[in-house]
Amino acid sequence: FTSMNHVGIWHDFHPPPWGGGNQFLLALRHGMEQEDNMKVTSKSDPNGMQALTDTAQVFLANSITFAGKTSLLDTRKARGNLAFVHRVDGPYYMARYARSLETLEAIPKEDQQTVSINERYACATVFQSTWSMNANLRIGLNLRNPVLVPNTVNPIIYFPQENKTSVENRKINIIASSHSTAPRKGFDTMMWVDKNLDFARFNFMYIGGKPKDFLTSNIVQRAEAPSEGVADALRGADIYFAPSRGEPASNAVLEALACGLPVLYQEGSSHEELVGEGGVGFAGTGPGLLKSLDELVLRYEYHRSRIRIPTIKEVTRRYLSIMRWCFFMRNTIL
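Analysis parameters
Residues numbered from 1 in each chain as written. Predicted model: local features only at pLDDT ≥ 70, side-chain atom pairs only at ≥ 80, totals over all residues. Heavy atoms only, no water. Helix = DSSP H or I, 4+ residues; strand = E, 2+ residues; numbered from the N terminus. Contact = heavy atoms within 4.5 Å. Lys, Arg positive; Asp, Glu negative; His and termini not counted. Charge placed at Lys NZ, Arg CZ, Asp CG, Glu CD. Pairing = 2+ DSSP bridges. Axes fitted to C-alpha atoms, helices over the stretch in contact; angles between N-to-C directions. Buried < 20%, exposed > 50% of the residue type's maximum accessible area, 1.4 Å probe, protein only. Arc of directions from axis to C-beta. Phe/Tyr/Trp six-rings, centres within 6.5 Å; stacked < 30°, edge-to-face > 60°. Salt bridge = Lys/Arg side-chain N within 4 Å of Asp/Glu carboxyl O. Polar contact = N/O pair within 3.5 Å; in protein donor to acceptor, adjacent residues only side chain to side chain. Disulfide = S-S within 2.5 Å.

Caption draft 1: Structural detail: the overall build of the protein chain. The helix and strand inventory of the protein chain stands at 13 helices and twelve strands. Counting only C-alpha atoms, the protein chain reaches 65 × 45 × 35 Å along its principal axes. The contacts of the protein chain with a sequence gap of at least 6 include a subset with a gap of at least 24, amounting to 69%. Taking the 36 positively charged and 33 negatively charged side chains of the protein chain as two groups, their mean positions are separated by 4 Å.

Structure below.
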């Protein structure tokens, strides 16, 4: 049961800036490599495919990574030594297509592919938030042996600034960030803020990708940057603004929390779950958003003191515990 010492991550790693799944898996791989007697192989490593096929004992992959590329899993399953942990977010139903959970519509092909891969190969399913798990269940995606393990970040890159000055009697710096340019990331909300925020009291910077129609007069826009550059910008700010909707588990929010920023977040998805008392929520644009910002500023030190995120060691060991169980159970529950 404890002899697992080689795990495989089916993922093509990209240097940041890249999407949240890539960011988390970079951090998780780093955490796994710090564990004693643990070898980690990914698809993009030199000779990675050969190692995944022949020697990796357990696999981890995101939702539809294997779509149309399941020959490796079929081979391992036929040999009787398949142990596959399926990391699922979304559902795409909401996260990509912004469809309603109240009036159910057609299930997208990506979610159907996720179910197909899960039913044929998975030993266990890891969700990153209760909101994501419940949303998948709500649209009828009953995935095998669901487990909740939150995301986290690499603490070597994302850490708080020491001796941060008080926000009293000075302009307060707000920051937002995103790799994605999808509408659900809240660019419309930021454009409303651009017209309605009191910029005599606040500075606001956005860093990341953006759609062509994201035009602002007061919000300063910066291009995407490597992780270290994003982390430096976060540490230079006071409040993180998270306007995204239908969010399964935002790595950008976790990065901000890890850098010591309380969060002003859009309600209705996983933000509240991640942020807890380390921030304040708002429901759409309008006076309520500005009132929530005032509340966050008024109790700034309290909310900042309540920031909690899991450590990379905690998250890594939870993943490895699930993977060890799947290694022990390999093929027996498929």
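Caption draft 2: Representation of the sheet that holds strand E6 (residues 146-148) in the model. Overall, parallel pairing links the six strands, which are arranged E2-E1-E3-E4-E5-E6 in an open sheet. Because the sheet does not close on itself, it has two edges, and the strands there are strand E2 (39-42) and E6. For this sheet, the mean angle separating the axes of adjacent strands, direction not counted, is 25°. The strands touched by helix H13 (residues 312-329) are strand E1 (6-9), strand E3 (58-62), strand E4 (84-88), strand E5 (124-127) and E6; relative to E3, the strand with the most contacts, the crossing angle is about 125°.

Caption draft 3: Examining helix H3 (residues 71-79) more closely. Residues of H3 that are buried include every one of Leu72, Leu73 and Arg76, and no others. Mapping the buried residues of H3 onto a view down its axis gives an arc of 95°, with all of them on the same face. Among the exposed residues of H3, those oriented more than 90 degrees off its buried face are Ser71 and Ala78. The elements touched by buried residues of H3 are helix H2 (48-54), E3, E4 and helix H5 (109-121). One or two steps after H3, the chain reaches Gly80, where phi turns positive at roughly 85°.

Caption draft 4: The arrangement of the packing of aromatic side chains in detail. Enumeration according to the criterion identifies six aromatic pairs in this entry. Taking the centre distance of 5.8 Å and the plane angle of 40° together, the rings of Phe24 and Tyr319 count as tilted. Here the residue Phe24 occupies a position in helix H1 (residues 20-33), and Tyr319 occupies one in helix H13, the gap between them amounting to 295 residues. With a relative accessible area of 0%, Phe24 lands in the buried category. Its relative accessible area of 0% is what places Tyr319 among the buried residues. Note on Phe204 and Phe241: the rings are 5.7 Å apart at their centroids and 80° apart in plane angle, and the pair reads as edge-to-face. In this pair, Phe204 sits in strand E8 (residues 202-208) while Phe241 sits in strand E10 (residues 239-242), placing the two residues 37 residues apart along the sequence. The residues Phe204 and Phe241 share a single accessibility class, namely buried.

Caption draft 5: Expanded view of the pattern of salt bridges. Throughout the structure, instances matching the rule amount to 14 salt bridges. In this structure, Asp45 and Arg29 form a salt bridge, with 3.0 Å as the shortest nitrogen-oxygen distance. You can see Asp45 sitting in the loop between E2 and H2 and its partner Arg29 sitting in helix H1, a full 16 residues away along the chain. The closest approach of N and O atoms between Arg96 and Glu110, which form a salt bridge, is 3.1 Å. Of this pair, Arg96 sits in the loop between helix H4 (92-95) and H5 while Glu110 sits in helix H5, and the two are 14 residues apart along the sequence.

Caption draft 6: Structural view of the side chain of Arg76. Mapping Arg76 onto the fold places it in helix H3. A polar contact of 2.9 Å, which involves the side chain of Arg76, links it to the backbone oxygen of Leu52.

Caption draft 7: Main features of the environment of Asn118. As for its position among the elements, Asn118 is in helix H5. Overall, the relative accessible area of 1% leaves Asn118 in the buried class. Sequence-wise, Asn118 and Phe84 are 34 residues apart; in three dimensions their C-alpha atoms are separated by 9.1 Å. Asn118 has contacts with His86, Thr125, Leu143 and Arg144, leaving out every residue within four places of it along the chain. Within the structure, the side chain of Asn118 is placed 3.1 Å from the side chain of His86, a separation counted as a polar contact.

Caption draft 8: The side chain of Asn154, seen in detail. Relative to the helices and strands, Asn154 is located in the loop between E6 and strand E7 (172-178). From its side chain, Asn154 meets the backbone nitrogen of Ile156 in a polar contact 2.9 Å long. Not counting residues up to four positions away in its chain, the partners in contact with Asn154 are Ala27 and His30.

Caption draft 9: Looking closely at the state of the cysteines. By the definition in use, this model includes one disulfide. Across the disulfide, Cys123 is cross-linked to Cys326 (sulfur-sulfur distance 2.2 Å). The sign of the S-S torsion, about -95°, decides the handedness of the disulfide formed by Cys123 and Cys326: left-handed. Here Cys326 lies in helix H13 and Cys123 lies in the loop between H5 and E5, a separation of 203 residues in the sequence. This pair shows no difference in class: Cys123 is buried, exactly as Cys326 is.

Caption draft 10: A look at helix H9 (residues 251-258). Most of H9 is tucked away, with eight of its eight residues classed as buried. Of the residues making up H9, those classed as buried are Asn251, Ala252, Val253, Leu254, Glu255, Ala256, Leu257 and Ala258. Its buried side turned inward, H9 meets H1, E7, helix H8 (227-235), E10, strand E11 (263-266) and helix H10 (271-275). After H9 finishes, the residue Gly260 shows a positive phi value of roughly 90°.

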